[in-house]
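# Report on the structure
Residue-level listing of the chains:
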Amino acid sequence: MRHVPLVAAAAVTALVAAGAITYAVAGDDGGTTVPSAQSADAGFARDMAVHHQQAVEMSYIVRDRTEDEDVRRLAYDIAQTQANQRGMMLGWLDLWSLPKVTSEPPMTWMDMGGAVSGEDGALMPGMATNAEMDKLGKLSGKQAEIYYLRLMTDHHRGGVHMAEGCVRACTVGVEKRLAQGMVDAQQSEIELMADLLEERGAG
């Protein structure tokens, strides 16, 4: 199938970026500098862990709702990559002895606290509402594929926006590199999903 190399390439790009950071999770200076709870580094790790979790859930839902191999493979790649990255971000927070939740609104680290209403579960840019997640779980076949691809395209766009914010504002080098890897991989997947939507007459 002609999409396989594209999907695999996007996943590999993200996983290479993720794998490169496992040796130095607390900082590039040997771990002597730890970001504060209010820093962009901590805020990005907290918020993107939540953002990624929904992508993982969405991807496993569609894998059970379609037999299309291109969409199933894309969904699996997204789920595995983002689950891996989520684990690392939560691991950083543990090693930094920083809380995984905060009373501040999501996106405060980007000076966007309160910019997203959080209505019906859509806590950050691109996140699907609870109603949209429920709808995805009730569709099947081509309808599920199209709905997933549209939801995930929006999700990725929001994720790219957040990752670009970390690239600009984060101070921990390994985290900035992971964020740039997210930008590159998710932009590639957005292009792939546009092709898949066009093939289904929904471009």
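Residues numbered from 1 in each chain as written. Predicted model: local features only at pLDDT ≥ 70, side-chain atom pairs only at ≥ 80, totals over all residues. Heavy atoms only, no water.

## A look at the state of the cysteines
Overall, the coordinates contain 1 disulfide when judged by the stated rule. Cys166 shares a disulfide with Cys170; S-S distance 2.2 Å. With the S-S dihedral at roughly -120°, the linkage between Cys166 and Cys170 falls on the left-handed side. According to the relative accessible area criterion, Cys166 is buried, its value standing at 0%. (Disulfide = S-S within 2.5 Å. Buried < 20%, exposed > 50% of the residue type's maximum accessible area, 1.4 Å probe, protein only.)

## Some thoughts on the confidence of the model for the chain
Residues shown with low pLDDT carry predicted positions that ought not to be read at fine detail. For the chain, per-residue confidence averages 88 on the pLDDT scale, and residues scoring 70 or more make up 84% of the total. Note that pLDDT drops below 50 for residues 1-24; the model gives that stretch 44 contacts with residues more than four away or on any other chain. (pLDDT = per-residue confidence, 0-100. Contact = heavy atoms within 4.5 Å.)

## With respect to the layout of surface pockets
Considered as a void within the structure, the largest pocket measures approximately 260 Å³ in volume. In terms of lining residues, the largest pocket is bounded by 21 residues, among which Arg46, Asp47, Lys100, Val101 and Thr102 are the most central. Going through the elements one at a time, α2 (40-63) and α3 (69-95) are the ones with two or more residues in the lining of the largest pocket. By residue number, the principal contributor to the lining of the largest pocket is α2, which donates 5 residues. (1 Å grid on protein atoms, 1.4 Å probe; cavity = no way out; pocket = protein on both sides within 12 Å on 5 of 7 lines; lining within 4 Å. Points joined across faces, edges and corners; volume = space filled by probe spheres on them. Helix = DSSP H or I, 4+ residues; strand = E, 2+ residues; numbered from the N terminus.)

## Regarding the environment of Pro106
Mapped onto the elements of the fold, Pro106 is located in the loop between α3 and α4 (130-136). Pro106 sits in the partly exposed class, given a relative accessible area of 30%. Placed 18 residues apart in sequence, Pro106 and Met124 show a C-alpha to C-alpha distance of 6.7 Å. Contacts of Pro106, omitting those with residues within four sequence positions, involve Asp47, Met112, Gly113, Gly114, Leu123 and Met124.

## A few points about the pattern of salt bridges
Evaluation of the coordinates by the stated rule reveals 6 salt bridges. Measuring nitrogen to oxygen at the nearest pair gives 2.4 Å for the salt bridge that ties Lys100 to Asp94. On the basis of relative accessibility, which here comes to 38%, the residue Lys100 falls in the partly exposed class. Of the charged contacts, one joins Glu199 and Arg200 as a salt bridge, the two residues approaching to 3.7 Å between their closest N and O atoms. Arg200 sits in the buried class, given a relative accessible area of 10%. Salt bridges here are not isolated pairs; linked through shared partners, they connect Asp68, Glu145, Glu199 and Arg200. (Salt bridge = Lys/Arg side-chain N within 4 Å of Asp/Glu carboxyl O.)

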